[in-house]
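Residue strings, one per chain:
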Amino acid sequence: MSQRIVSIGECMIEMSGGEDRSYRLGYAGDTLNSAWYLRALLPDAWKVDYVTALGADKYSGDIRNFLQTNNIGTDHIQTIPARRPGLYMIHQEAGDRHFTYWRDMSAAKLLADDKSALAAAVEGVDLVYFSGITLAILAPKARGRLLGAIVKARDNGAKIAFDTNLRPALWSSPRVMASVLTAAASLCDIVLPTHTDEAPLFGDATVDDTANRYLELGVEEVVVKDGSKEALIATATERVRMAPPPAASVVDATGAGDSFNGAYLAARLQGKSITEAAQAAHRTAGIVIGHKGALVDPALVR
């Protein structure tokens, strides 16, 4: 029997490069990146669907074709003709990457407006994956619809995984961001926060503080990432600290955390222990940072 995952969020058009005003067009988004690595690392019997909304324009069609070509399901991508995909450009400044976004007319901001479409998208799934960015781009009522659909999926037996992925610029205030993310996490089985992002908002002094805060909400499994430092995987009965292997070279850190999440979840879905899953996650992220872009050839990580 096939098993099914849905990853919910926003896929954007990425324009990178910029040397001599020449740019490379690609597609990216945190939940899409994680879906990419779930697809790469799971057997073909697993179905990986991406749930979002796109327009009826050429570039929306190109995104659909890209996903289909790479065996990521598009059956539950809604079409909103008056909208378009969001877009961002990357430029280098002072030795670091900087991002400029155009997402006011992004169709993905309406992905939870159709309650029946949302319910159909998560019906019968084994895992639902979403992020803080998924929530941040939605209007408050749409957030409620999405979380309601996720609760129903969990009640029907699905596991729920959530990367808090804090992006303050997308929220009306730090207070709203903290309250929504905390409420969402309380509905989840697995939460995958990043300590350095969470510490300023929640006052976490250590990775253990971050893990404890989510465990106290009732989360079963907390995977705290901390950049190049060791990750902490905590449950009510077990704590594993796992340092990443030394990276041969860091070419581009884009998507490293997303690939970590995808590899970790793929391992857990296949019955691996939290230690084995953390090792697989670090290995995958180490490969990704050695290549340009968030989405590397799946053959490199298998």
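Residues numbered from 1 in each chain as written. Predicted model: local features only at pLDDT ≥ 70, side-chain atom pairs only at ≥ 80, totals over all residues. Heavy atoms only, no water.

Undergrad: Let's hear about the overall build of the chain: which residues, and what values?
TA: Helix and strand content of the chain: 10 helices and 14 strands. Compactness check: the chain gives a C-alpha radius of gyration of 18 Å against a globular reference of 19 Å for 302 residues, within 12% of the reference. With respect to the principal axes defined by its C-alpha atoms, the chain has extents near 50 × 45 × 45 Å. The 302 residues of the chain split such that 53% are buried. Nonlocal contacts in the chain, meaning residues at least 24 apart in sequence, comprise 68% of its contacts between residues at least 6 apart. In the structure as shown, the chain presents an accessible area of about 13400 Å², 52% of it carried by carbon and sulfur atoms. Averaged over its 31 positive side-chain charges, the chain has a centre that lies 4 Å from the centre of its 35 negative ones. (Helix = DSSP H or I, 4+ residues; strand = E, 2+ residues; numbered from the N terminus. Rg over C-alpha atoms; globule rule 2.2 N^0.38 Å. Buried < 20%, exposed > 50% of the residue type's maximum accessible area, 1.4 Å probe, protein only. Contact = heavy atoms within 4.5 Å. Areas by Shrake-Rupley, 256 points an atom, 1.4 Å probe, with all protein chains shown as cover. Lys, Arg positive; Asp, Glu negative; His and termini not counted. Charge placed at Lys NZ, Arg CZ, Asp CG, Glu CD.)

Undergrad: Pulling in residues and values, what's your account of the pattern of salt bridges?
TA: Applying the stated criterion to the full structure yields 13 salt bridges. We note a salt bridge from Arg 213 to Glu 198, for which the minimum N-O separation is 2.7 Å. With Arg 213 in helix 8 (residues 207–215) and Glu 198 in helix 7 (residues 195–202), this pair connects stretches of sequence that are 15 residues apart. Overall, Arg 213 belongs to the buried group, its relative accessible area being 17%. Accessibility expressed as a relative area gives 0% for Glu 198, which makes it buried. Notably, a salt bridge pairs Asp 208 with Arg 239, separated by 2.8 Å at the nearest N-O pair. Separated by 31 residues along the polypeptide, Asp 208 in helix 8 and Arg 239 in strand 14 (residues 239–242) bring together distant segments of the chain. Judged by its relative accessible area of 37%, Arg 239 falls in the partly exposed class. Salt bridges sharing partners connect three or more residues here, namely Arg 4, Lys 47 and Asp 49. (Salt bridge = Lys/Arg side-chain N within 4 Å of Asp/Glu carboxyl O.)

Undergrad: Give a description of the side chain of Asp 163 that names residues and reports values.
TA: With respect to the element layout, Asp 163 can be found in strand 10 (residues 159–163). In this structure the side chain of Asp 163 is engaged in a polar contact, spanning 3.3 Å, whose partner is the side chain of Lys 225. Apart from the residues within four sequence positions on either side, Asp 163 is in contact with Tyr 129, Phe 130, Ser 131, Gly 132, Leu 192, Lys 225, Asp 258 and Asn 261. (Polar contact = N/O pair within 3.5 Å; in protein donor to acceptor, adjacent residues only side chain to side chain.)

Undergrad: Can you explain the packing of helix 9 (residues 256–269) against helix 10 (residues 274–288)? Please cite residues and give values.
TA: Pairs of packed helices are described in terms of their axes, by the angle between the two and the distance that separates them. Interaxial distance between helix 9 and helix 10 falls to 7 Å at its minimum, and their mutual angle equals 145 degrees. Crossing of helix 9 against helix 10: the hand is right-handed. Facing Ala 256, Ser 259, Phe 260, Ala 263, Tyr 264, Ala 267 and Arg 268 of helix 9, the residues of helix 10 in contact are Ile 274, Ala 277, Ala 278, Ala 280, Ala 281, His 282, Thr 284, Ala 285 and Val 288. (Axes fitted to C-alpha atoms, helices over the stretch in contact; angles between N-to-C directions. Left-handed = near helix turned anticlockwise from the far one by under 90°.)

Undergrad: Help me get a handle on the pairing of strand 4 (residues 46–51), residues and values and all.
TA: On a regular strand, each side chain points to the face opposite its neighbour's, so the side chains alternate between the two faces of the sheet. Within strand 4, five of the six residues are buried, which leaves it mostly tucked inside the rest of the structure. Relative to strand 4, strand 1 (residues 3–8) runs parallel, the two being bridged by six bridges. In the strand pairing of strand 4, Ser 7 is matched with Tyr 50. (Pairing = 2+ DSSP bridges.)

Undergrad: Could you give me a rundown of the environment of Ala 236, with the residues and numbers involved?
TA: Among the secondary structure elements, Ala 236 is positioned in the loop between strand 13 (231–234) and strand 14. When the C-alpha positions of Ala 236 and Gly 218 are compared, they lie 9.3 Å apart, and in sequence the two are 18 residues distant. When near neighbours in sequence (up to four residues on either side) are disregarded, Ala 236 contacts Leu 215 and Glu 220.

Undergrad: Account for helix 6 (residues 174–185), with residues named and values stated.
TA: Spanning 12 residues, helix 6 covers 16 Å between terminal C-alpha atoms, matching the ideal 16 Å at 1.5 Å per step. For helix 6, the set of buried residues is Val 176, Met 177, Ala 178, Val 180, Leu 181, Ala 184 and Ala 185. (Expected span 1.5 Å × (residues − 1).)

Undergrad: Account for unusual backbone geometry, with residues named and values stated.
TA: Trans peptide bonds make up most of the peptide bonds, and negative phi angles are found at most residues other than glycine. At Asn 71, a residue that is not glycine, the phi angle is positive and equals roughly 60 degrees. With respect to the helices and strands, the residue Asn 71 is situated in the loop between helix 2 (58–69) and strand 6 (78–79). Even without being a glycine, Asn 165 presents a positive backbone phi close to 35 degrees. Mapped onto the elements, Asn 165 comes out in the loop between strand 10 and helix 6.

Undergrad: Describe the nonpolar core, and please don't skip the residues or the numbers.
TA: Core analysis: the biggest nonpolar cluster contains 48 residues, and Ile 8, Val 128, Phe 130, Leu 135, Leu 146, Phe 162 and Trp 171 have the highest contact counts within it. Formed by 27 residues, the second largest nonpolar core is a distinct cluster that contains Ile 5, Leu 38, Leu 42 and Tyr 129. (Core = buried A, V, L, I, M, F, W, Y, C linked by side-chain atoms within 4.5 Å.)

Undergrad: Explain the side chain of Asp 258 to me, using residue names and the numbers behind them.
TA: By the secondary structure assignment, Asp 258 is in helix 9. In this structure Asp 258 touches Asp 30, Asn 33, Ser 34, Asp 163 and Asn 165, once residues within four positions along its chain are discounted.

Undergrad: How would you summarise helix 1 (residues 30–41) if you had to cite specific residues and measurements?
TA: Taking 1.5 Å per residue as the helical rise, helix 1 with its 12 residues ought to reach 16 Å, and the 17 Å between its terminal C-alpha atoms agrees with that figure. Within helix 1, 11 of the 12 residues are buried, which leaves the element mostly enclosed by the surrounding structure.

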